[in-house]
Amino acid sequence: MERLNAFVDDAGCIGRNFTAWLEDPENPGEDGIRDVYGDAGQILYMHGESVMVTGIDEQQKLVSMLNRQNTERYEGFMIPFSQFTRNFGMWPPADI
């Protein structure tokens, strides 16, 4: 089974902060998607922000996260495993 993060097992991700990396892998170094928006149009996280994992739903393949840096009222959110792996999974947690 593939892990969410290359440096920490899935259960070990809970309670840790991870830095968002939103660079386009096909065009490294170029500005790509810099912000990730939710269904209501709110910014969930931006490139370089540190976001905490608060839970993992193995059945639905969702990761619950909290963005304390967000100045909008939407702080808690969920993203699919694939999005977490792409945006947070290739680098060590920010709090190691």
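Look a little higher up for the structure.
Report on the accompanying structure. Nothing here was measured: the structure is a model prediction, and the numbers come from that model.

### Re the sheet that holds strand β6 (residues 76-80)
- With antiparallel pairing, the four strands of this open sheet are ordered in space as β1-β4-β5-β6. Two strands close off the open sheet at either side, each with one partner strand: β1 (17-19) and β6. Along the sheet, successive strands turn relative to each other by an average axial angle of 45°, direction set aside.
- As paired elements, β1 and strand β4 (residues 50-57) share three bridges and run antiparallel to each other.

### Focus: the packing of aromatic side chains
- According to the stated counting rule, one finds five aromatic pairs in the structure shown.
- Where W21 meets W91, the ring centres are 5.6 Å apart and the plane angle is 40°; that geometry is what we call tilted. You can see W21 sitting in the loop between β1 and β2 (35-37) and its partner W91 sitting in the segment after α2 (81-88), a full 70 residues away along the chain.
- Judged by relative accessible area, W21 falls into the partly exposed class, the value being 35%.
- By relative accessible area, which is 31% here, W91 ends up partly exposed.
- Aromatic rings pair up to connect F18, Y45, F77, F84 and F88 into one cluster.

Procedures and definitions
- Starting from 1, residues in each chain are numbered consecutively following that chain's sequence as written.
- Totals for whole chains, interfaces and linings use every residue, but because this is a predicted model, local features are given only for residues with pLDDT of at least 70 and side-chain atom pairs only at 80 or more, for both listing and counting.
- Side-chain metrics in this entry use all non-hydrogen atoms of the structure; hydrogen atoms and water are not considered.
- Pairing between strands is defined by DSSP: at least two bridges between the two strands are required.
- Each helix is a run of H or I in the DSSP string that is no shorter than four residues. Each strand is a run of E no shorter than two, and both are numbered from the N terminus.
- Fitting a line to C-alpha atoms yields each axis, with helices limited to the stretch in contact; the angle taken between N-to-C directions then spans 0 to 180 degrees.
- Any two rings among Phe, Tyr and Trp, with Trp reduced to its six-membered ring, count as a pair given centres within 6.5 Å; such a pair is stacked if its planes are under 30 degrees apart, edge-to-face if over 60, and tilted if neither.
- We call a residue buried when its accessible area falls under 20% of the maximum for its residue type, exposed when it is over 50%, and partly exposed in between, using a 1.4 Å probe and counting protein chains only.

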